[in-house]
Amino acid sequence: MVPKEQVQASVKQFILSEFLPGEDAGELETTTPLVSAGILDSIATLKLVTFLEEQFSVQIDAHEADVDHLNTVEDISNLVLSKL
Amino acid sequence: MNLHAYLAAAARARPEHAAVVAPGKGELDYRALDDLSDRLRDRLVALGVAPGDRVGLCLRKSVDSLAALYGVLKCGAAYVPIDATAPARRNAFILGDCGVRAVLVEAGLAPALLEALDAGAARTPALLLEGVGKGDGLAAALDAIDRALPAEPTPTVEREDDDLAYILYTSGSTGNPKGVGITHGNATSFVEWAHGAIGTGAEDRFSSHAPFHFDLSIFDLYVAAKSAATLVLVSEEVGKEPLGLARLIAEERISVWYSTPSVLSLLAQYGKLETHDLSNLRIVLFAGEVFPIVHLAVLKDLLPAPVYYNLYGPTETNVCTYYRIPERVPPERRDPYPIGVVCEHLAARVVDESGAEVEVGGEGELCIRGPAVTRGYWGLEELTAASLLADDDGGVWYRTGDLVVEEEDGNYRFVGRGDRMVKKRGFRVELGEIEACLYRHSEVREVAVVALEDPDGVRVRAHLATDDGGRISLIKLKTFCSEHLPLYMVPDAFAFHEALPKTSTDKIDYQALLGDGRS
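Quick caveat, the model's predicted, so the values are computed rather than measured.

### Let's talk about the overall build of chain B
Right, on to step 1. Looking only at helices and strands, one finds 16 helices and 26 strands in chain B.
Right, on to step 2. Compactness check: chain B gives a C-alpha radius of gyration of 23 Å against a globular reference of 24 Å for 519 residues, within 12% of the reference.
Right, on to step 3. If you line up chain B on its principal axes, its C-alpha atoms span 70 × 50 × 45 Å.
Right, on to step 4. Burial analysis of chain B (519 residues in total) assigns 57% to the buried set.
Right, on to step 5. When contacts within chain B are restricted to residue pairs at least 6 apart in sequence, those whose partners lie at least 24 apart make up 66%.
Right, on to step 6. Side-chain charges in chain B split into 52 positive and 76 negative, and the spacing between the mean points of these groups amounts to 3 Å.

As structure tokens, then:
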């Protein structure tokens, strides 16, 4: 079982390096809204889903790639953990 | 009415009053300025310059260049001022485009300019000035020619309202500058309006901050002359340096100031205004871009006494709306002030894409009609036809390309530029609207948003200069934008600068930002 903290750290690292170059890591909290604030747009969301599927060997359904499941690092890691 | 009539009238009324001051160099009174420009008129006529011709001026701002433009006008010709600091090739394009009959140029700039101008063409008569400053450079050049061949005195030429007075070249969307032709009637209608509406008089001391190739200069030059007041020239070097500018305003006892908001923002932040006695300053005018409210508030805190006006208008109409800034800027205000009501000598209407008038409260393109509206672009009939719309009664409306909303109280609110619309994921995106949003951010000092073609479609990038020159959290910025804009308008990327690059007329240089390789 992968600990939740490890999933969150991995997701954070990916979002920071891919979509927020130069950002102070401390600004990205597990509860920071991502999709609803325009930080993850539709293309970024697709890239994130691809990353999650490869990194954690999970399958994310199309209907799950939305604001309800991916809006925060907390939401994202919960989705991943539910599939492990 | 002729533009040069203002000089003649002032020279009659107040011959010994200082007409122009070049700080640190010298000054001329109205009689001397009138005489010097008469001498140039005679020389230009001797060189073959005739009414209707164009004469190029490639001179740094100086008493000499002021006398020069009056000398050109007195021959009945139109002056074409060019940016002495711009590349010679670009300047030569301008002078070639409008076919100047002669050119006045500083000797140091002459070889490159004339080589580019005369490449493969007939030689353009050039009057070379060894230096410019308090007028003696022009006088010396005229003396030298007079010794060889005296010029016969000639009368000043009176022109009709429809005759060209000057051509100002502005950046063209096609890549080459385009020349906006302004007639005596265009210019004097503006001067008459401004003199009355702003309320200036003979004891005023006007700043001349804008370069003569920028249309803000028309107010400085001719409203000062109309008022028989004193024009204080601000050199380009001092013009960009806030501490020096503040000192100049104090020492020269400037009473009427006019510049872009960028300059005033710098003055407010870095000019140490509180260390100077600026009590002579009674009118502050700004135009050319949106004044970020945070800086306007700081400026008004530091300098509460003057009356502030936001003037708005493209080169094609000069100022066409104006707004008097309230005495107190509420601390919670984030939106820029409106561009104001239409000037009394003009008419305005707001139209949609089909040309139909939009009702009050609706967004549309601002169109302007009246005596100040240009007759068109030099040699560009198609562009002129696309920009000037004939009305049923034969009048002409200039399409500004600016999107505005007319408020219930008659003030127009600037929304953005029609020609900076991009489509992102099928949505229309106004880059100016994103800028207006970011200007509301308390840490943002300057912003310019550009659209870049990308394999994923259009990418919108916001270039920012912040109060402390540092970065702002991207998360915070995007969150802030998402609170004011639809998500598709939130910029994809942000780039941070100490200050945004500027053009020679102190506007943000979008071309440079588009070439900025950051993704």
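### Remarks on the pairing of strand E2 (residues 26-29) of chain B
All names here are of chain B.
Right, on to step 1. Only one face of E2 is buried: it carries Gly26 and Leu28, and the other face, with Glu27 and Asp29, is open.
Right, on to step 2. Two strands pair when backbone bridges link them, and strand E1 (residues 18-22) and E2 are joined in this way by 4 bridges, in the antiparallel orientation. Across the sheet, the residue bridging to Ala22 is Gly26, located in E2.
Right, on to step 3. Hairpin connection of E1 to E2: 3 residues between the antiparallel strands, including Gly24 at a positive phi of 85 degrees.

### Considering the nonpolar core
Right, on to step 1. Tyr79, Leu104, Phe219 and Tyr222 of chain B are the most contacted members of the largest nonpolar core, which has 91 residues in total.
Right, on to step 2. Dropping the residues within four chain positions of it, Tyr222 of chain B is found in contact with Leu3, Tyr6, Leu69, Tyr70, Leu73, Tyr79 and Val191 of chain B.
Right, on to step 3. Of all hydrophobic cores here, the second largest spans 59 residues; its members include Leu40, Phe56 and Val80 of chain A together with Leu474 of chain B.

### Side note on the interface of chain B and chain A
Right, on to step 1. Facing the 13 residues of chain B at the interface are 15 residues of chain A.
Right, on to step 2. Considering only the side of chain B, the residues that lose the most area to chain A are Leu474, Ile475 and Lys478 of chain B, jointly responsible for 43% of the buried surface there.
Right, on to step 3. There are 1 salt bridge connecting chain B and chain A.
Right, on to step 4. Counting every contact that joins chain B to chain A gives 5 residue pairs in polar contact (both at pLDDT 80 or more).

### Remarks on the packing of aromatic side chains
Residue and element names in this part refer to chain B.
Right, on to step 1. Counting across every chain of the model gives 11 aromatic pairs over all chains.
Right, on to step 2. With 5.7 Å between their ring centres and 40 degrees between their planes, Phe206 and Phe219 make a pair best called tilted. Residue Phe206 is located in strand E9 (residues 205-208), and its partner Phe219 is located in helix H8 (residues 216-226); the two are separated by 13 residues in the primary sequence. Accessibility classification places Phe206 together with Phe219 in one group, the buried group.
Right, on to step 3. When the centroid spacing of 4.8 Å and the interplanar angle of 85 degrees are considered together, the rings of Phe286 and Phe291 count as edge-to-face. The exposure classification of Phe286 matches that of Phe291, with both residues buried.
Right, on to step 4. Put simply, the rings of Phe190, Trp193, Tyr309 and Tyr322 touch in pairs and so form one group of aromatic residues.
Right, on to step 5. The lysine or arginine in question, Arg333, covers the ring of Tyr337, its NZ or CZ lying 4.0 Å from the ring centre.

### A few points about the confidence of the model for chain B
Right, on to step 1. When pLDDT is averaged along chain B, the result is 91; 95% of the residues meet or exceed 70.
Right, on to step 2. Across the assembled chains, the prediction reports ipTM 0.90 with pTM 0.74.

### A word on helix H15 (residues 474-482) of chain B
All names here are of chain B.
Right, on to step 1. Burial within H15 is extensive, with 7 of its 9 residues counted as buried.
Right, on to step 2. Regarding H15, the residues found buried are Leu474, Ile475, Leu477, Lys478, Phe480, Cys481 and Ser482.
Right, on to step 3. Its side-chain oxygen 3.2 Å from the backbone nitrogen of Ile475, Ser473 forms the N-cap of H15.

### Observations concerning the pattern of salt bridges
Residues and elements named next belong to chain B.
Right, on to step 1. Scanning all chains against the criterion turns up 25 salt bridges over all chains.
Right, on to step 2. Between Lys74 and Asp34 there is a salt bridge, with the nearest N and O atoms lying 2.5 Å from each other. Highlighted residues: Lys74 in helix H3 (residues 63-74) and Asp34 in helix H2 (residues 30-46), separated in sequence by 40 residues. The burial state of Lys74 is the same as that of Asp34; both residues are buried.
Right, on to step 3. In this structure, Glu106 engages Arg60 in a salt bridge whose closest nitrogen and oxygen atoms are separated by 2.5 Å. Of this pair, Glu106 sits in strand E5 (residues 102-106) while Arg60 sits in the loop between strand E3 (54-58) and H3, placing them 46 residues apart in sequence.
Right, on to step 4. Look at Arg60 and you get partly exposed, because its relative accessible area is 46%.
Right, on to step 5. Connected via shared salt-bridge partners are Asp34, Asp38, Arg41, Asp42 and Lys74.

### A word on the pairing of E5 of chain B
All names here are of chain B.
Right, on to step 1. Burial of E5 is extensive: 5 of the 5 residues sit out of reach of the surface.
Right, on to step 2. Sheet analysis places E3 next to E5, joined by 4 bridges and oriented parallel. Opposite Leu57, over in E5, you have Leu104 as the bridge partner.
Right, on to step 3. As paired elements, E5 and strand E6 (residues 126-129) share 4 bridges and run parallel to each other. Among the inter-strand pairings, Leu104 is bridged to a residue of E6, identified as Leu127.

### Points about the packing of H3 of chain B against helix H6 (residues 136-148) of chain B
All names here are of chain B.
Right, on to step 1. Close contact between H3 and H6 brings their axes to 7 Å; oriented N to C, the two are set at 60 degrees. Between H3 and H6, the angle falls in the class oblique. Residues Asp64, Ala67 and Ala68 of H3 pack against Asp136, Gly137 and Leu138 of H6.
Right, on to step 2. Among the residues making up the contact of H3 with H6, the classes are represented as 3 nonpolar, 1 polar and 2 charged.

### Overview of the environment of Gly410 of chain B
Right, on to step 1. One can find Gly410 of chain B in the loop between strand E20 (396-406) and strand E21 (412-417).
Right, on to step 2. Considering only alpha carbons, one finds Gly410 of chain B and His463 of chain B, 53 residues apart in sequence, at a separation of 33 Å.

### So, the environment of Leu273 of chain B
All names here are of chain B.
Right, on to step 1. Tracing the sequence through the fold places Leu273 in the loop between helix H11 (261-270) and strand E12 (283-286).
Right, on to step 2. Spatially, the C-alpha atoms of Leu273 and Ser62 are 26 Å apart, while their sequence positions differ by 211 residues.
Right, on to step 3. Leave out the neighbours within four places in its chain, and Leu273 touches Ala246, Leu267, Ala268, Leu278, Leu299, Leu302 and Leu303.

Thresholds applied
Residues numbered from 1 in each chain as written. Chains lettered and ligands numbered in written order. Predicted model: local features only at pLDDT ≥ 70, side-chain atom pairs only at ≥ 80, totals over all residues. Heavy atoms only, no water. Helix = DSSP H or I, 4+ residues; strand = E, 2+ residues; numbered from the N terminus. Rg over C-alpha atoms; globule rule 2.2 N^0.38 Å. Buried < 20%, exposed > 50% of the residue type's maximum accessible area, 1.4 Å probe, protein only. Contact = heavy atoms within 4.5 Å. Lys, Arg positive; Asp, Glu negative; His and termini not counted. Charge placed at Lys NZ, Arg CZ, Asp CG, Glu CD. Pairing = 2+ DSSP bridges. Core = buried A, V, L, I, M, F, W, Y, C linked by side-chain atoms within 4.5 Å. Buried area = accessible area lost by both parts, 1.4 Å probe. Salt bridge = Lys/Arg side-chain N within 4 Å of Asp/Glu carboxyl O. Polar contact = N/O pair within 3.5 Å; in protein donor to acceptor, adjacent residues only side chain to side chain. Phe/Tyr/Trp six-rings, centres within 6.5 Å; stacked < 30°, edge-to-face > 60°. Lys NZ or Arg CZ within 6 Å of the ring centre and 35° of its normal. pLDDT = per-residue confidence, 0-100. Axes fitted to C-alpha atoms, helices over the stretch in contact; angles between N-to-C directions. Parallel < 35°, antiparallel > 145°, perpendicular 65-115°, else oblique. Nonpolar A, V, L, I, M, F, W, Y, C, P; charged D, E, K, R; others polar.

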